[in-house]
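# Structure at a glance
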Amino acid sequence: MNWRNFLAPYSQVVEELKVKLKGMRTQFEHESSHSPIEFVTGRVKPISSVKEKMKRKNIHINDIETELQDIAGVRVVCQFVDDIDDIVDRLRSRNDFDVIEERDYINHKKESGYRSYHLIISYPVETIHGERKLIAEIQIRTLAMNFWATNEHTLNYKYEGQIPEKVQARLKRAAEAAFKLDEEMSKIKDEIQDAHRVFKTNKNDHGK
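What you see is a predicted model; the values in this text were computed from it and never measured.

## Let's talk about helix H2 (residues 47-56)
For H2, every residue scored as buried is listed here: Val50, Lys53 and Met54. The arc enclosing the buried residues of H2, seen along the axis, measures out at 105°, which places them on a common side. Facing away from the buried surface of H2 by more than 90 degrees, the exposed residues are Ser48, Lys55 and Arg56. Each element contacted by the buried residues of H2 is listed here: helix H1 (3-30) and helix H3 (64-67). Two residues or fewer past H2, Asn58 is found with a positive phi of approximately 55°.

## Considerations on the layout of surface pockets
Within this model, the largest pocket holds a volume of roughly 1300 Å³. Around the largest pocket, the lining comprises 34 residues; the ones closest to its centre are Arg43, Lys45, Asp70, Gln139 and His153. Counting residues per element, the ones that place at least two in the lining of the largest pocket are strand S1 (39-44), H2, strand S2 (72-78), strand S5 (130-142) and helix H5 (143-158). Element by element, the count of residues in the lining of the largest pocket is highest for H5, at seven residues. Here the lining of the largest pocket is composed, by residue class, of six nonpolar, 13 polar and 15 charged.

## A few points about the pairing of S2
Of all seven residues making up S2, six are buried, and the element is well covered by its neighbours. The sheet contact formed by S1 and S2 spans six bridges and is antiparallel. Residue pairing in the sheet places Thr41 in a bridge with Arg75 of S2. Note: S2 against S5, seven bridges, orientation parallel. If you follow Val74 over to S5, its bridge partner there is Ile138.

Parameters at a glance
Residues numbered from 1 in each chain as written. Predicted model: local features only at pLDDT ≥ 70, side-chain atom pairs only at ≥ 80, totals over all residues. Heavy atoms only, no water. Buried < 20%, exposed > 50% of the residue type's maximum accessible area, 1.4 Å probe, protein only. Helix = DSSP H or I, 4+ residues; strand = E, 2+ residues; numbered from the N terminus. Arc of directions from axis to C-beta. Contact = heavy atoms within 4.5 Å. 1 Å grid on protein atoms, 1.4 Å probe; cavity = no way out; pocket = protein on both sides within 12 Å on 5 of 7 lines; lining within 4 Å. Points joined across faces, edges and corners; volume = space filled by probe spheres on them. Nonpolar A, V, L, I, M, F, W, Y, C, P; charged D, E, K, R; others polar. Pairing = 2+ DSSP bridges.

Here it is in C-alpha cells:
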C-alpha cells in the first residue's frame, strides 16, 4: 500500500469542502445576515491513526474506503445550537455531494458527554484517473461543544483511551455545563445578533 498516493485524493476532498463551506460563510457576510458558520477546519486522518483503527475494528485493507468513513474530516463550528439545524438543512440540499448517513449526537449524546452532529457524505472528486466518489465526514458543533471535544480528545491521547474515572466524571459534568451554556446563549440569540449588527455598522462608519 502506497499510503501517500492513497490519501492524496482525501486531502483534495478536505480542501474542496473547506473552500465551499467558507464560501457559504462569506456569502452570509456579503448579505449582512447572521452566518451560522463561525469557522471551518479540516484534516485527513494520519496514517498511524488509519492503521490503528483498522486493527481495532478488524478492517481489511481492501475495505478501507467503505468501512473507514472519517479518513477525510471537516468540522463546521457555529455559535448557537439552532445554527446546527440550519447548516444541516443547507448541506442536505446541496447537489455537489450526497448525504448517505446522519448521526445526531446533539439529542443523543455519547456516554462520554460528547455532542456533535455528523453527516457522512459521498463526495465526487476529480483525479487524473477520472472521478472517484469518496466517503467523508462533516461534523457540525457549537463553540462550547468544540471546546469540550478538543480537550476530551487531548485527554484520550494522554491516557491512551483509558481516562481515569474521576476525570471522566468531571468531563461529563463539564459537557453538561457546556450544553447549559449553549441553551442559555440560544435564549438571548436575537440580542447577541442585534449587538453584532450594531457593532459592525459602527465599525464600518468609523472606518470611512
